[in-house]
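Single-letter residue listing:
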Amino acid sequence: MSDAELVLRSTRVITPEGTRAAAVTVSAGTITAVLPYDTEIPAGARLVDVGDDALLPGLVDTHVHVNDPGRTEWEGFWTATRAAAAGGITTLVDMPLNSLPPTTTVEHLRIKRDVARDKAHIDVGFWGGALPGNVKDLRPLHDAGVFGFKAFLSPSGVDEFPHLDQEQLARSLAEIAGFGGLLIVHAEDPHHLAAAPQHGGPRYADFLASRPRDAEDTAIAALIAHARRLDARVHVLHLSSSDALPLIRAARADGVRITVETCPHYLTLTAEEVPDGASEFKCCPPIRESANQDLLWAALADGTIDCVVTDHSPSTADLKTADFATAWGGISGLQLSLSAVWTEARRRGHTLDDVVRWMSARTAALVGLDARKGAIAPGRDADFAVLAPEETFTVDPAGLQHRNRVTAYAGRTLHGVVRSTWLRGERIVADGEFTPPNGTLLDRP
């Protein structure tokens, strides 16, 4: 401990072994030890005692649409990473679509990295995209450091990122499996979507009927079949249908390498409470009924669902029209995700240890960053969030760092105030004050 530059002390440090009072020592941006709370502080080390506030590992959000370059009026690396930092997130992985160009070639990846480099307040990695006709680009993107490949099985909402049909999915997945990569999938079946009633208009019930559960269930079943045949590693994005859970459990029991995420909005918002015309609640797949939500929470508790990520997908306010059929589908959640999930988790009897497992440890493991991120343990990056778990606040959109402050959480009272966020031993935000951007662009380990 004699070389410690910084010691953070809390009566509630969330460690892989559980919550305990501890002193965490940091040197050169790395955690060097987790020691008893009353350990003597060495000469020359700076002590930061956060009292009874909880010290969490910085969250790792592996599903974020930053939209930069090309649609920076929707978001951007500067604003997205500030919002993330304000919410206790210290690492994000950017999705390949909604930016122009999409991250589907090595050259497009270079363009995105060049844009992000001087704007990132936190660490940032990148997904590649799997499109019809770009199988030849997948291995070069993998070698260039992307964390895996995003594919849609139904229309994505933007023309430059078309979806894969089943034959194209098989070709892309065979290529990715050949070099040991990961395919992450928006799983909704286009035929089931086309067959669903499409009324349009402001009624949320009509929108919900247009994105039925069986569209998710059918697409996930097909993905499982491909993964089983190819011994490929796949990940289901933003699961909203609880009806798919038995398929996933059975596949895992058969040895299929499949992981699953869900999102704060599916865990904290319900179809019954969405007002007609309130398209800030629109996302695809949709927010479903409260009984469905209960089953998602049970699947988180038993490990069927691995992790919780935001699927932060913002747009300009004018695209959030009162017609659910034409409004942009996406929920902005970076800054509020920790507090939203913690609010509902504590109500259901879960602990901060659970929340950290879902939003930091398992997300870091998903993308292979668990040697560096996702835990307060020696050898990990000194990335932290300081949280006042019992304090509440009411969401005021004007206080958000997102470029467009449209939020489904407006007016909600949430538990858990993020006091400060730390990146590699440096406090990057505290009480609304930010340091200049100092994030690192990450490659797949």
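Residues numbered from 1 in each chain as written. Predicted model: local features only at pLDDT ≥ 70, side-chain atom pairs only at ≥ 80, totals over all residues. Heavy atoms only, no water.

As a packed pair, helix H4 (residues 166–178) and helix H7 (residues 213–230) sit with axes 10 Å apart at the nearest point and diverge in direction by 40°. Comparing the axis directions of H4 and H7 gives the class oblique. The handedness of the crossing between H4 and H7 comes out as right-handed. Contacts from Gln166, Leu169, Ala170, Leu173, Ala174 and Ala177 of H4 reach H7 at Ala222, His226, Ala227, Arg229 and Leu230. Each residue belonging to the contact of H4 with H7 can be placed in one class, and the counts come to eight nonpolar, two polar and one charged. (Axes fitted to C-alpha atoms, helices over the stretch in contact; angles between N-to-C directions. Helix = DSSP H or I, 4+ residues; strand = E, 2+ residues; numbered from the N terminus. Parallel < 35°, antiparallel > 145°, perpendicular 65-115°, else oblique. Left-handed = near helix turned anticlockwise from the far one by under 90°. Contact = heavy atoms within 4.5 Å. Nonpolar A, V, L, I, M, F, W, Y, C, P; charged D, E, K, R; others polar.)

Within the secondary structure layout, Leu334 lies in the loop between strand S14 (307–308) and helix H11 (337–347). Judged by its relative accessible area of 0%, Leu334 falls in the buried class. In this structure the C-alpha to C-alpha distance between Leu334 and Glu391, which are 57 residues apart in sequence, comes to 19 Å. Dropping the residues within four chain positions of it, Leu334 is found in contact with Asp61, Val64, Ala80, Ala83, Ala84, Gly87, Ile89, Thr310, His312 and His402. (Buried < 20%, exposed > 50% of the residue type's maximum accessible area, 1.4 Å probe, protein only.)

This brings us to the nonpolar core. Membership of the largest hydrophobic core comes to 98 residues, with the highest contact counts inside it found for Leu56, Phe149, Leu183 and Leu239. Per element, the largest residue contribution to this core is six residues, and it comes from helix H1 (residues 77–86). Discounting residues that sit within four places of it in the chain, Leu56 has contacts with Ile14, Leu338, Leu352, Val356, Ile376, Asp383, Phe384, Ala385 and Leu387. With 20 residues, the next largest nonpolar core counts Met95, Phe147, Leu182 and Ala364 among its residues. (Core = buried A, V, L, I, M, F, W, Y, C linked by side-chain atoms within 4.5 Å.)

Counting buried residues in strand S6 (residues 59–64) gives six out of six residues, a clear majority hidden from the surface. Direction of pairing for S6 relative to strand S7 (residues 89–94): parallel, over a ladder of four bridges. Bridge pairing links Leu59 to Ile89 in S7. The parallel pair S6 and S7, bridged by H1, forms a crossover whose chirality is right-handed. (Pairing = 2+ DSSP bridges. Right-handed = clockwise from strand over helix to strand, strands pointing away.)

Read these as layout, nothing more, since geometry by itself doesn't imply function.
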